[in-house]
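Structural characterization, general
Here's the letter readout for the chains.
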Number of protein chains: 2
Amino acid sequence: MSHIAETAPGATGAVGVRQAQKLRTRQALMDAALRLLEHQSLSSLGLREVTRAAGIAPTAFYRHFKDTAELGVALVEESLGGLHGALRTGLSAPDPGDSEARIALTVGLIADLTRSAPAHVRFVARERHGGVQPVRRAIGDQLRLFAEEVADALGALPDSAGWPREDLLMLAGIYVDHMVMTASAFLAAGPDGEQSTAELARRQLRLVGLGRRHWLDG
Amino acid sequence: MSHIAETAPGATGAVGVRQAQKLRTRQALMDAALRLLEHQSLSSLGLREVTRAAGIAPTAFYRHFKDTAELGVALVEESLGGLHGALRTGLSAPDPGDSEARIALTVGLIADLTRSAPAHVRFVARERHGGVQPVRRAIGDQLRLFAEEVADALGALPDSAGWPREDLLMLAGIYVDHMVMTASAFLAAGPDGEQSTAELARRQLRLVGLGRRHWLDG
DNA sequence: TTCCTCGGAGAACGACTGTTTACTGGATGA
DNA sequence: TCATCCAGTAAACAGTCGTTCTCCGAGGAA
């Protein structure tokens with residue numbers, strides 16, 4: 001029985017030449033789409049346009065996606081799927097009491113992310129409120145999931161320990177929205193405006209942190 | 001000399017039948033576009049599509065706009081142009097010291113605005129990061145202008161009186177972004193989720209208000 | 001080797017796109 | 001009244017679009 005799993009499709013790693021090539025073409029489609037989406041929205045992205053940029057025949061598109069919308073959902077997964085653990089492990093580094101260090105680190109991570117994957121960041125910011133419903137929903141789901149993880153992490157920090165879950169989610173929502181807005185601001189500002197954009201983001205996080213510290217005062 | 005102004009084009013009110021009809025057609029184009037933009041983005045909005053929905057010939061489009069992008073910029077003006085005074089006069093009502101009342105009023109105004117002009121709100125939220133650069137820029141300019149006015153108003157309130165202008169703009173940025181996000185959240189939630197969305201927005205504004213109150217503490 | 005699977009190519013379809021050119025007819029101003 | 005202006009029309013243009021159908025040929029299993 002167990003020898004079946006060795007050649008079963010969908011098994012992680014170790015796939016045949018056939019599947020590997022299919023994955024490579026699929027990735028080429030996603031890369032091409034992401035490149036084209038720099039100057040337009042997903043709802044205007046044509047199937048032929050993508051295949052042309054990817055270097056394959058238009059009809060081959062259907063072997064991977066039935067829609068450009070379905071391609072968009074795959075791009076959401078690629079853009080936000082690996083983000084959950086990444087930021088959390090990055091944020092677990094500093095001393096839990098040093099909020100200033102945490103703020104600087106957070107903004108730095110957002111800047112790095114935007115610099116290393118600008119197309120993905122732009123795609124998420126753009127299609128979050130975009131015209132393609134399934135993609136909008138996928139991004140909303142991912143960000144909601146991400147906010148829940150942030151809420152978990154916040155519950156372990158001194159400033160917000162013991163908060164009701166509802167309040168933690170409220171705060172996490174502020175942070176997630178602010179993260180997306182900041183990333184988009186980095187894109188809009190370009191390399192020259194990176195420092196001032198980062199400083200603005202840090203000050204805003206500082207103010208939110210103050211509110212957090214006094215949330216249970218009165 | 002003065003009698004010239006009576007028939008001069010561009011004068012407010014009192015225009016000939018000719019100009020009035022042109023304005024009506026122009027408005028029909030904008031209304032049709034706004035209706036079509038409920039389910040797509042501006043970058044996929046076709047010229048023929050708009051004229052068809054407006055009930056005029058495709059070529060007549062060029063009498064009013066050279067692009068759908070130019071039409072989009074006009075929609076930005078229509079959506080955000082009249083907003084500057086509206087919210088400010090609304091916010092000048094409550095006692096300057098009663099921040100809770102101000103918060104409730106603000107969220108209420110956003111809810112009203114979203115209910116009375118959902119298409120405009122959706123358009124702004126969607127195209128703020130959309131694929132059409134001139135429109136993106138127009139929205140950015142309008143929101144920046146709006147943020148400056150908010151900063152002015154904040155400078156007159158007790159909690160943030162005497163702040164440096166830079167900090168006032170930082171805070172105003174939080175408020176403006178939060179306003180757009182909240183309006184978009186109202187749209188996504190629909191009528192049933194209006195109350196919980198409003199409650200979430202109010203709690204977030206309460207936390208930001210706390211941060212504001214303690215900004216100059218340390 | 002032999003058969004089967006399946007990712008990809010090619011051609012063709014009808015529909016739709018933005019734009020140009022020439023024209024109409026009612027409002028406009030002397 | 002009469003010449004002018006100009007918003008809107010109609011036809012035609014070359015492209016592009018999504019989609020279907022048919023076929024090819026290399027990879028995989030026996």
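Residues numbered from 1 in each chain as written. Chains lettered and ligands numbered in written order. Predicted model: local features only at pLDDT ≥ 70, side-chain atom pairs only at ≥ 80, totals over all residues. Heavy atoms only, no water.

1. Concerning the layout of surface pockets
Within this model, the largest pocket holds a volume of roughly 1,600 Å³. Forming the boundary of the largest pocket are 47 residues, of which Met181(A), Ala185(A), Arg128(B), Arg144(B) and Asp177(B) lie nearest the centre. Among the secondary structure elements, those contributing two or more residues to the lining of the largest pocket are α7 (118-127), α9 (165-189) and α10 (194-213) of chain A together with α8 (133-155), α9 (165-189) and α10 (194-213) of chain B. Per-element accounting of the lining of the largest pocket gives the leading share, eleven residues, to α9(A). Tallied by class, residues from the lining of the largest pocket come to 18 nonpolar, 15 polar and 14 charged. Around the second largest pocket sit 37 residues that line it, and Arg128(A), Arg144(A), Ser184(B), Ala185(B) and Ala188(B) are the ones nearest its centre. Residues that form the lining of the second largest pocket fall into these classes: 13 nonpolar, twelve polar and twelve charged. (1 Å grid on protein atoms, 1.4 Å probe; cavity = no way out; pocket = protein on both sides within 12 Å on 5 of 7 lines; lining within 4 Å. Points joined across faces, edges and corners; volume = space filled by probe spheres on them. Helix = DSSP H or I, 4+ residues; strand = E, 2+ residues; numbered from the N terminus. Nonpolar A, V, L, I, M, F, W, Y, C, P; charged D, E, K, R; others polar.)

2. What about the side chain of Arg203(A)?
Its location among the elements puts Arg203(A) in helix α10. A distance of 3.2 Å separates polar atoms of two side chains, one belonging to Arg203(A) and the other to Asp167(B). In contact with Arg203(A), other than residues within four places in its own chain, are Glu166(B), Asp167(B), Met170(B) and Trp215(B). (Polar contact = N/O pair within 3.5 Å; in protein donor to acceptor, adjacent residues only side chain to side chain. Contact = heavy atoms within 4.5 Å.)

3. A look at the protein's contact with DNA strand C
Close contacts around DNA strand C come from 19 residues, with Thr25(A), Ala57(A), Arg63(A), His64(A) and Arg48(B) the closest. In the interface set of DNA strand C, defined as its atoms within 4 Å of the protein, sugar plus phosphate atoms amount to 46%. One nitrogen or oxygen atom from the side chain of Arg18(A) is found 2.7 Å from a base oxygen belonging to DNA strand C. Separating a phosphate oxygen of DNA strand C from a backbone N or O atom of Leu47(B) is a distance of 2.5 Å. Elements represented by at least two residues in the surface near DNA strand C include exactly α2 (17-36) of chain A together with α2 (17-36) and α3 (47-54) of chain B. Of the residues contributing to the surface near DNA strand C, the split by class is six nonpolar, six polar and seven charged. (Near = heavy atom within 4 Å.)

4. Considerations on the protein's contact with DNA strand D
Close to DNA strand D lie 20 residues, the nearest being Leu47(A), Arg48(A), Arg52(A), Thr25(B) and Arg63(B). When the atoms of DNA strand D within 4 Å of the protein are sorted by group, sugar and phosphate make up 45%. Contact between DNA strand D and Arg63(B): a base oxygen at 2.3 Å from a side-chain N or O atom of the residue. Among the elements that take part in the surface near DNA strand D, helix α3 (residues 47-54) of chain A stands out by supplying four residues, more than any other. Taken together, the residues of the surface near DNA strand D sort by class into six nonpolar, six polar and eight charged.

5. Observations regarding the nonpolar core
Among the nonpolar cores identified, the biggest contains 57 residues, and Leu75(A), Phe123(A), Leu154(A) and Leu207(B) are the most heavily contacted of them. When residues in this core are grouped by element, the largest group, twelve residues, is from α9(A). Looking at which domains feed residues into this core, each of domain 1 (2-66) and domain 2 (79-213) of chain A gives three or more. Setting aside its immediate chain neighbours within four residues, Leu207(B) contacts Trp163(A), Met170(A), Leu171(A), Ile174(A), Val208(A), Gly211(A), Arg212(A) and Trp215(A). Ranked by size, the runner-up nonpolar core spans 56 residues in total, among them Phe61(B), Phe65(B), Val132(B) and Met170(B). (Core = buried A, V, L, I, M, F, W, Y, C linked by side-chain atoms within 4.5 Å. Buried < 20%, exposed > 50% of the residue type's maximum accessible area, 1.4 Å probe, protein only. Domains from an automatic or database assignment.)

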